[in-house]
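Given next are the chains, with one letter for each unit.
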Amino acid sequence: MTTTIELGVQGMTCASCVGRVERGLMKVEGVQSANVNLATERATVTYDPAVTTPQTLLDKVKDVGYEPVVSHIELGVQGMTCASCVGRVERGLQKVDGVLNATVNLATERASIEYLPSSVSPGQLKAVIREIGYDVLEEQAGMGREDQEREAREREVNHLRSQVLFSTVFAVPLLLLAMVPMVVPGAEDWLMNVGGDGVMAALNWVMLALALPIQFGPGRRFYRLGWTSLKHRSPDMNALVMIGTSAAFVYSVIATVAPGIFPEGTAHVYYEASGVVITLILLGKFFEAVAKGRSSEAMKKLLSLQAKTARVVRGGQELELSTDEVLVGDLISVRPGEKIPVDGQVVSGASFIDESMITGEPIPVSKQPGADVVGGTINQNGALTFRATRIGADTALAQIIKLVETAQGSKPPIQGLADRVVAVFVPVVLGIAALTFLLWLIFGGQAALSFALITTVAVLIIACPCAMGLATPTSIMVGTGKAAELGVLFKGGGALESLQAVQVVALDKTGTLTKGKPELTDLVTAHGFNRADVLSLVAAAEEQSEHPIARAIVDAAKNENINIAKPEAFEAVPGYGLEARVNGHVVQVGADRFMTRLGLDVSIFAAQAERLGDEGKSPLYAAVDGQLAAVIAVADPIKEGSGAAVSALHRMGLKVAMITGDNRRTANAIARQLEIDEVLAEVLPSGKSDAVKELQTKGNRVAFVGDGINDAPALAQADVGLAIGTGTDVAVETADVILMGGDLRGVPNAFALSRATLRNIKLNLFWAFAYNIVLIPVAAGVLYPTFGTLLSPVLAAAAMGFSSVFVLSNALRLRGFQPPVQSDPVTVRPPIAVPAHV
């Protein structure tokens, strides 16, 4: 049996390219023919699906040097109620020729589909979903996706509310009529004495009248969806409810209409087992819908950051346009208090912008012409005009939203267990129900049929796999949403799960543990010299140099508003330092050997030099007019929060390593300050991935934390890669986790949230499985021989609804997650050590 598909192939330029693609495809095992058309840029391939897959064909096209055309689409799917629904939609989509992968999320009610546009269209995919029995949320012109989904959610909640209220009006009197004679002592005997069998028969007809509107009113949804699932040989929750309630209802109708066909005393009715069960299940669905809406609050907050309109300057006029109409290069005017609509660069004006929602930094950032601005941030007190540089899906905020959406819709490995169980769960339950009915019919005695019916209905109702379907996606959805609020972006559920298994955290030094930019950290003057005067002279001498140390000294002087004069003369002394004449003073700056060459004794700074050496800093000395004036140190300072982050990782039981290109003495000095466990020093930039591999060879699962730019190989080598970004550079391809704020304290917060989410998922899965394992036998009647107790279908329905609500409520607890390390308030201060004199 063969299948033929069409692949789009880009990059072909001539007949030789066509031949190379055809020959490559023909080499794939199972391919019977391959014809490539240069004009249409398509390859038509006939292959045996039992031997090869479309993905293998795509990999071969890439392997021979061309780019296969693959598309991705996300569709809103409405009407899913349990894990079986998810499985049915996934299987239906994956059967379509041209679909490479399909993942459906019950919590977000979205299907993520990767497909070949040359073989299948979005319209065909929507048609498949509808054929399976579910609705597709169609995009409406002029409405954002979040608005459409909110409206759809509100419609669902309102519809379920009305159905619950309608059912309750009939279910309450139905339950009272059914239960009062049984629970009130003597009530049934009194009715029999007053009216005999006629009263009981009349009560049965009244209960039929009450149950009928429920069964074929709100209960129709279970018939519609349940019958469709049976027709596709993939029974789900709706099928179980349909079969169970229909059995109770039909049995009761027969007992009402023709009681004589039953043995005397066995013509009982179970209208409450259909009407009240349907009402309780709808009530549970209503609570689920409300809780699902709450679980997506983080995404709603992110989406609300996006500006709807922009004031675009065109032809000298300001036009109020939708952000969708903004073009790259447009000039955009922003007034105080308004949102920045898209990413851009300031052309004119000055203001302070609150970027905390992107970077996590609470201090507003000054913006002058030439500065970058980020869409979604808030302009505070000035008017700005900027040029749009990134629009639509390319903006930083859009990339962040996309990452969060992807993570919320993804499936972690732990979901695989639930998927495998759910795939066979409902058929197994139907088998258990049939066996239950048969055993009670054989061993149930005089009331065998009644016992068989009540236990079978209870089994069918209590076994609905709603909780199984919600256990993992709701926790992932809430957990990744909470992470986004904390400035942590997980690229997928797999990263969220993998992080909690890490044993060693390897940290890049420059730009991760440290600021990545040299700063003047120490300037200690000799007796008789003024610190400001010395810094002014040294900065003037260094002002002509582009060396990082020189720039750090000059920047320190500027930060302290110290005047920097222009040197009258300047000379570099190779291997030693420099010499300059500033305002008539001779200034010489260099290492200790330069001072020795000048005949100056540096021993007066021995204590300071030893301290600096212990801190991994190399001291420099300054002489003014032939006298030793100061000892200076320039270093890459440790970031605020690095120490707190390392301590928090230790408290979590993790080992911390540092990878750096610094010499071992400097590296060890920083490691001592931060109490880092292991140091890999003098590592070349190209050797960072090998350093990570060295840690892995010791049997450890390693997470590597880098800046995401020059650390790509190490991020890829690690079991989990964490990239420290700036909030604007979020599309770091090789990282699994992105920390937007640039603060290392986000690392322990990411670990803690990963562990909390996995604990939450495991508790949900335990509840979902344990609930069924324990209560299905109870519903089948295993307690009856010992305790004389049967589980009422009404209680079974309540328990089933409670299980789903419990799973959702447990997942929502993650919204209250408190990070173990809080960022300190940011304060503005010069990066200079407290001055001292010798």
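Reading guide: rules and limits
Note that residues are indexed from 1 along each chain, following the sequence as it is written. Given that this is a predicted model, residues contribute local features only at a pLDDT of at least 70 and side-chain atom pairs are listed and counted only at 80 or more, while totals for whole chains, interfaces and linings are drawn from all residues. Only hydrogens and water are set aside; all other atoms, that is, all heavy atoms of the structure, feed into the side-chain values. Secondary structure elements follow DSSP: runs of H or I of four or more residues count as helices, runs of E of two or more count as strands, with numbering from the N terminus. For every residue, the accessible area obtained with a 1.4 Å probe (protein chains only) is divided by the maximum for its type, and the residue is called buried under 20%, exposed over 50%, and partly exposed between those limits. Note on contacts: a residue pair is in contact if any heavy atoms of the two residues lie within 4.5 Å. UniProt positions are given in the numbering used here, feature names are shortened, and annotations may be inferred rather than shown by experiment. Arc definition: it is the arc formed by the directions from the helix axis to the C-beta atoms. By this definition, two strands are paired if DSSP reports at least two bridges between them. Centres within 6.5 Å make a pair out of two Phe, Tyr or Trp rings, where for Trp the six-membered ring is used; the pair is then stacked when the planes are under 30 degrees apart, edge-to-face when over 60, and tilted otherwise. Geometrically, a lysine NZ or arginine CZ counts as sitting over a ring once it is within 6 Å of the ring centre and also within 35 degrees of the ring normal. Lines fitted to C-alpha atoms define the axes, with helix axes restricted to the stretch in contact, and inter-axis angles between N-to-C directions lie between 0 and 180 degrees. By salt bridge we mean one thing: a side-chain nitrogen of Lys or Arg within 4 Å of a carboxyl oxygen of Asp or Glu. Polar contacts, as counted here, are pairs of nitrogen or oxygen atoms within 3.5 Å of one another; within protein the pair requires one atom able to donate a hydrogen and one able to accept it, and residues that are adjacent in sequence qualify only if both atoms are side-chain atoms.

- Per an unreviewed UniProt entry, the chain goes by the name P-type Cu(+) transporter and belongs to Deinococcus humi.

**Considerations on the overall build of the chain**
Link 1 in the chain: When helices and strands are tallied, the chain shows 29 helices and 31 strands.
Link 2 in the chain: When the 838 residues of the chain are sorted by exposure, 53% land in the buried category.
Link 3 in the chain: Taking contacts inside the chain between residues at least 6 apart in sequence as the whole, the part at least 24 apart equals 68%.

**Concerning the UniProt feature "transmembrane region" (unreviewed entry) in the chain**
Link 1 in the chain: What UniProt calls "transmembrane region" (unreviewed entry) maps, in this numbering, to residues 164–187, 199–218, 239–262, 268–291, 421–443, 449–472, 765–784 and 790–808.
Link 2 in the chain: Taken end to end, residues 449–472 comprises 88% helix and 0% strand; its first and last C-alpha atoms sit 39 Å apart.

**Quick word on helix α22 (residues 606–614)**
Link 1 in the chain: Those residues of α22 not exposed but buried are Gln608, Ala609, Leu612 and Gly613. The arc that holds every buried residue of α22, seen down its axis, measures 135°, which confines them to one face. Of the exposed residues in α22, the ones pointing more than 90 degrees away from its buried face are Ala607 and Glu610.
Link 2 in the chain: Where the residues of α22 are buried, they touch β20 (519–525), β24 (619–624), β25 (627–635) and α24 (664–674).
Link 3 in the chain: Within two residues after α22, Gly616 carries a phi angle of roughly 80°, on the positive side.

**Let's talk about the environment of Leu176**
Link 1 in the chain: Position of Leu176 among the secondary structure elements: in helix α5 (residues 145–183).
Link 2 in the chain: Considering only alpha carbons, one finds Leu176 and Glu272, 96 residues apart in sequence, at a separation of 9.2 Å.

**Comments concerning the sheet that holds strand β16 (residues 378–379)**
Link 1 in the chain: With respect to topology, 3 strands assemble into an open sheet ordered β14-β13-β16, the strand pairing being antiparallel. Taken across any chain shown, the strands that pair with only one partner, and hence form the sheet edges, are β14 (365–367) and β16.
Link 2 in the chain: Pairing geometry for strand β13 (residues 351–354) and β16, over 2 bridges, is antiparallel. Along β16, the bridge assignment pairs Ile353 with Asn379.

**Describing the packing of aromatic side chains**
Link 1 in the chain: Going through the model one piece at a time under the given rule, you end up with 11 aromatic pairs.
Link 2 in the chain: Both rings, one in Phe216 and one in Tyr223, keep their centres 5.8 Å apart while their planes meet at 20°; by these two values the pair is stacked.
Link 3 in the chain: For the ring pair Tyr576 and Phe594, a centre distance of 6.1 Å and an interplane angle of 50° mean the geometry is tilted. Here Tyr576 is found in the loop between β21 (569–573) and β22 (577–582), whereas its partner Phe594 is found in helix α21 (residues 592–597), with 18 residues between them in sequence.
Link 4 in the chain: The structure contains a cluster of three or more aromatic residues connected by ring pairs, namely Phe216, Tyr223, Phe249 and Tyr271.
Link 5 in the chain: Sitting over the ring of Phe222, Arg221 keeps its end group 5.9 Å from the ring centre.
Link 6 in the chain: Across from the ring centre of Tyr576, 4.6 Å away, lies the NZ or CZ of Arg597, which sits over that ring.

**Observations concerning the sheet that holds strand β4 (residues 67–69)**
Link 1 in the chain: Spatial strand order, β2-β3-β1-β4: 4 strands in an open sheet with antiparallel pairing. The outermost strands of the open sheet, each flanked by one partner alone, are β2 (31–37) and β4. Here the average twist between neighbouring strands, direction ignored, is 30°.
Link 2 in the chain: Pairing of strand β1 (residues 3–10) with strand β3 (residues 42–47), which is carried by 6 bridges, proceeds in the antiparallel orientation.

**Details of the pattern of salt bridges**
Link 1 in the chain: This model, assessed by the stated rule, comprises 15 salt bridges.
Link 2 in the chain: Between Arg531 and Glu560 there is a salt bridge, with the nearest N and O atoms lying 3.1 Å from each other. Residue Arg531 is found in helix α19 (residues 531–542), and its partner Glu560 is found in the loop between α20 (548–559) and β21; the two are separated by 29 residues along the sequence.

**Notes on the side chain of Thr256**
Link 1 in the chain: Take Thr256: it is sitting in helix α9 (residues 237–257).
Link 2 in the chain: Given a relative accessible area of 7%, Thr256 falls into the buried group.
Link 3 in the chain: A distance of 2.8 Å separates the side chain of Thr256 from the backbone oxygen of Ser252, its partner in a polar contact.
Link 4 in the chain: Looking at Thr256, its side chain comes within polar contact range of the side chain of Tyr271, at 2.7 Å.
Link 5 in the chain: Every residue in contact with Thr256, bar those within four places of it in the chain, is listed here: Asn204, Trp205, Val269 and Tyr271.

**Comments concerning the pairing of β22**
Link 1 in the chain: Of the two faces of β22, only one is covered, namely that formed by Leu578, Ala580 and Val582; the face formed by Gly577, Glu579 and Arg581 stays uncovered.
Link 2 in the chain: The pairing of β21 with β22 spans 5 bridges and is antiparallel. Its bridge partner being in β22, Val573 is matched across the sheet by Gly577.
Link 3 in the chain: Taking the residues between adjacent antiparallel strands as the criterion, β21 and β22 are bridged by 3 residues, where Gly575 takes a positive phi near 80°.
Link 4 in the chain: Bridging between β22 and strand β23 (residues 585–590) involves 6 bridges; their strand directions are antiparallel. Bridged to Gly577 within β23 is Gly590.
Link 5 in the chain: The turn linking β22 back onto β23 is made up of 2 residues, and Asn583 within it adopts a positive phi angle of 50°.

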